[in-house]
Amino acid sequence: MPEIWAVLEHDESSEDSLSENSGELLAELAEIAQRQKEDTALCAVLLSAPETAPADMSLFSSLGVQHLYLLEHSALAYYSTEGYVSALAWLIRQRTPVLVTASATANGRDWMPRLAARLHLPFVPGCLDLDLHDDAIFALRAVYEGRAYVQSRTEMNRRTGLATFVPGVRGTPEE
């Protein structure tokens, strides 16, 4: 079954909770997964140190997350570009998802383009909306500091697509 991944971030103020953008990102991907012609699994990916307290999982079941990938390594105790890129490159090579997304936070804008470059994968930054069909990513993005919008098409050529979503566009779904 094809998979769509949301790489979620921990809340910096509390190790055992997810960032406020997590629900928004998962809700967006749940809609994308539902629009696919074949059944597509919505998956969450968390990177953390082995001794980190587990995050609140109630959000996952309410938004229809079917798989959780938890990558634990001592190098992931604190954010580092190389740690995230190496861990996610390994997991992508193992599972080959259709789409990997993250919020366009400072960290997401840092590691996602480097991951795309390392694996030579198509990447669409700063999406406001996104859809997958005809082996391509169709994205709506803001340009000129939000004064105009552009629809783009990025060919995937049967490879994993990568994208970041601008946080705060959709809003956090209600419990």
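Going by the structure above, here's the rest.
As the structure is a prediction and not an experimental result, all values here were calculated from the model. Along every chain, residues carry numbers that run from 1 in the direction the sequence is written. Totals for whole chains, interfaces and linings use all residues, but because this is a predicted model, local features are given only for residues with pLDDT of at least 70 and pairs of side-chain atoms are given and counted only at 80 or more. The basis for every side-chain value is the complete set of non-hydrogen atoms in the structure, without hydrogens or water.

So, about the overall build of the protein chain. Helix and strand labels come from DSSP, where a helix needs a run of H or I of at least four residues and a strand needs a run of E of at least two; each type is numbered from the N terminus. Per the secondary structure count, the protein chain includes 4 helices and 8 strands. Walking the protein chain from its N terminus toward its C terminus, one meets helices and strands in the order β-α-β-α-β-α-β-α-β-β-β-β. C-alpha atoms define the radius of gyration in this analysis, and the globule rule sets the expected value at 2.2 Å times the number of residues to the power 0.38. Its C-alpha atoms give the protein chain a radius of gyration of 15 Å, near enough to 16 Å, the size a compact globule of 175 residues would have. Overall size of the protein chain, expressed as C-alpha extent along the three principal axes, is 40 × 35 × 35 Å. For the exposure calls, accessible area comes from a 1.4 Å probe over protein chains only, and a residue counts as buried if that area is under 20% of its type's maximum, exposed if over 50%, partly exposed in between. Looking at the protein chain as a whole, 49% of its 175 residues qualify as buried. Here a residue-residue contact requires only that any non-hydrogen atoms of the pair lie within 4.5 Å. Of all intrachain contacts in the protein chain linking residues separated by at least 6 positions in sequence, the fraction that spans at least 24 positions is 68%. Here the protein chain has roughly 9,100 Å² of accessible surface; of this, 49% comes from carbon and sulfur atoms. One way to put it: in the protein chain the 13 positive side-chain charges average out to a point 12 Å from where the 25 negative ones average out. Every accessible area reported is derived by Shrake-Rupley at a probe size of 1.4 Å, with residue values counting cover from the shown protein chains alone. Charged residues are defined here as Lys and Arg on the positive side and Asp and Glu on the negative side; His and the ends of the chain fall outside this count. By convention, the charge on Lys lies at NZ, on Arg at CZ, on Asp at CG and on Glu at CD.

A pair is scored as a salt bridge if a Lys or Arg side-chain nitrogen falls within 4 Å of a carboxyl oxygen belonging to Asp or Glu. Here the structure, examined in full by the defined rule, presents 5 salt bridges. In this structure, Glu3 and Arg95 form a salt bridge, with 3.1 Å as the shortest nitrogen-oxygen distance. Linking Glu3 in strand β1 (residues 3-8) with Arg95 in helix α3 (residues 81-95), this pair joins segments that are 92 residues apart in sequence. With a relative accessible area of 43%, Arg95 lands in the partly exposed category. Salt-bridge contacts for Arg114 lead to Asp110; the nearest nitrogen and oxygen are separated by 3.0 Å. Of the two residues, Arg114 and Asp110 are both situated in helix α4 (residues 106-119); the distance of 4 residues between them amounts to about one turn of the helix.

The subject of this paragraph is the layout of surface pockets. If you add up the space inside the second largest pocket, you get close to 400 Å³. Looking at the second largest pocket, it is lined by 19 residues, and the ones nearest its centre are Gln36, Glu38, Val98, Asp135 and Met156. Each residue gets one label: Ala, Val, Leu, Ile, Met, Phe, Trp, Tyr, Cys and Pro are nonpolar, Asp, Glu, Lys and Arg are charged, and the others, such as Gly, are polar. Classifying every residue of the lining of the second largest pocket by side-chain character gives 6 nonpolar, 5 polar and 8 charged. The rule is simple: put a 1 Å grid over the protein atoms alone, call a set of points where a 1.4 Å probe fits but cannot get out a cavity, call an open set with protein on both sides within 12 Å along at least five of seven lines a pocket, and count a residue as lining if it has an atom within 4 Å of a point. Grid points are joined across faces, edges and corners, and a volume is the space filled by probe spheres set on the points.

General note: in soluble globular proteins, nonpolar side chains tend to be found buried as a group. Residues belong to a common nonpolar core when they are buried Ala, Val, Leu, Ile, Met, Phe, Trp, Tyr or Cys residues joined through side-chain atoms within 4.5 Å. Leu8, Leu26, Leu29, Phe60, Leu99, Leu130 and Leu132 are the most contacted members of the largest nonpolar core, which has 28 residues in total. Within the residue set of this core, elements represented by two or more residues are β1, α1 (21-34), β2 (41-48), α2 (58-62), β5 (123-133), β6 (136-143) and β8 (161-165). Top contributing element to this core by residue count: α1, with 7 residues. Here Leu8 is in contact with Leu18, Ser22, Leu25, Leu26, Ala44, Val45, Leu46 and Phe60, once residues within four sequence places are set aside.

Empty space among the atoms can be located by rolling a probe the size of a water molecule over them. Within the structure shown, the criterion is met by 2 cavities of 30 Å³ or more. In terms of lining, the largest cavity is formed by 11 residues, of which the most central are Glu24, Leu25, Phe165, Val166 and Pro167. It is α1 that provides the largest number of residues to the lining of the largest cavity, a total of 4 residues. Among the residues forming the lining of the largest cavity, the class breakdown is 6 nonpolar, 2 polar and 3 charged. In this structure, the second largest cavity encloses a volume near 30 Å³. Every residue along the wall of the second largest cavity is listed here: Val7, Leu8, Glu9, Ser19, Asn21, Ser22, Leu25 and Ser103. Listing elements by their share of the lining of the second largest cavity, those giving two or more residues are β1 and α1.

Treat this as a map of the structure, not an account of what it does.
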